[in-house]
Amino acid sequence: MTGRCGLCKRILSVEGDPLSADAGGDCWGCIGQIEADHGGDPQQNISKEIEWGWRERDGTPKPQSFFQKHPKYWPTE
Ligand SMILES: [Zn+2]
């Protein structure tokens, strides 16, 4: 069954929305931000995601509608 993030209600595992990845019942958008707030490796991950435009400067995930409007919003390597 398709789940929703327990924190922000984002629909999980939506194609094209990398922040909707299921991280144990919550979305990566929330979990990445929470883990970053506590330091550690995710800080580096979300720094990249901020750079890519997936998140606001403070780490807040862009809404799912953002990714749906920009389905190819992936970083260019
Ligand atoms: Zn969430």
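The notes below deal with the structure included here.

**Focus: the side chain of D17**
Piece 1. Here D17 lies in the segment before β1 (22–23).
Piece 2. Its relative accessible area of 3% is what places D17 among the buried residues.
Piece 3. Side-chain polar atoms of D17 contact the side chain of Q64, separated by 2.9 Å.
Piece 4. Residues in contact with D17, not counting those within four places in the same chain, are R10, Q64 and F67.

**A word on the coordination of the zinc ion**
Piece 1. Bound to the zinc ion are the protein donor atoms C5 (SG), C8 (SG), C27 (SG) and C30 (SG), situated 2.3 Å from the metal.
Piece 2. Its 4 donor atoms give the zinc ion angles of 103 to 114 degrees at the centre, a pattern that matches the tetrahedral case.
Piece 3. All donors of the zinc ion come from a single chain, and their spacing in sequence reads C-x2-C-x18-C-x2-C. Of the two residues, C8 is situated in the segment before β1 and C30 in helix α1 (residues 28–37); the sequence distance between them amounts to 22 residues.
Piece 4. You can call C8 partly exposed: its relative accessible area is 38%.

**Brief notes about the nonpolar core**
Piece 1. Grouped together as the largest cluster of nonpolar side chains are 8 residues: L19, W28, I31, A36, I46, W54, F66 and F67.
Piece 2. Elements with a contribution of two residues or more to this core: α1 and α3 (64–69).
Piece 3. With 3 residues, the top contributor of residues to this core is α1.
Piece 4. Among residues more than four places away in sequence, those in contact with W28 are P18, L19, A21, A23, Q33, E35, P42, N45, I46, E49 and R55.

**Some details on α1**
Piece 1. Among the 10 residues that make up α1, 7 are buried, leaving the element largely enclosed by the rest of the structure.
Piece 2. Every buried residue of α1 is listed here: W28, G29, C30, I31, G32, Q33 and A36.
Piece 3. Close packing links the buried residues of α1 with β1, β2 (26–27) and α2 (42–52).

**A word on the pattern of salt bridges**
Piece 1. Under the criterion given, the structure shown has 2 salt bridges.
Piece 2. Note that R10 is salt-bridged to D17, the shortest N-O span being 2.9 Å. Exposure class is identical for R10 and D17. Each is buried.
Piece 3. Ionic pairing is found between R55 and E49, a salt bridge with its closest N-O pair at 2.7 Å. In terms of burial, R55 and E49 fall into one category: buried.

Reading the values: rules and limits
- Residues numbered from 1 in each chain as written.
- Predicted model: local features only at pLDDT ≥ 70, side-chain atom pairs only at ≥ 80, totals over all residues.
- Heavy atoms only, no water.
- Helix = DSSP H or I, 4+ residues; strand = E, 2+ residues; numbered from the N terminus.
- Buried < 20%, exposed > 50% of the residue type's maximum accessible area, 1.4 Å probe, protein only.
- Polar contact = N/O pair within 3.5 Å; in protein donor to acceptor, adjacent residues only side chain to side chain.
- Contact = heavy atoms within 4.5 Å.
- Donors = N, O, S within 2.8 Å, 3.2 Å for Na, K, Ca; no water.
- Tetrahedral: all angles 85-135°; square planar, octahedral: opposite > 155°, others 65-115°.
- Core = buried A, V, L, I, M, F, W, Y, C linked by side-chain atoms within 4.5 Å.
- Salt bridge = Lys/Arg side-chain N within 4 Å of Asp/Glu carboxyl O.

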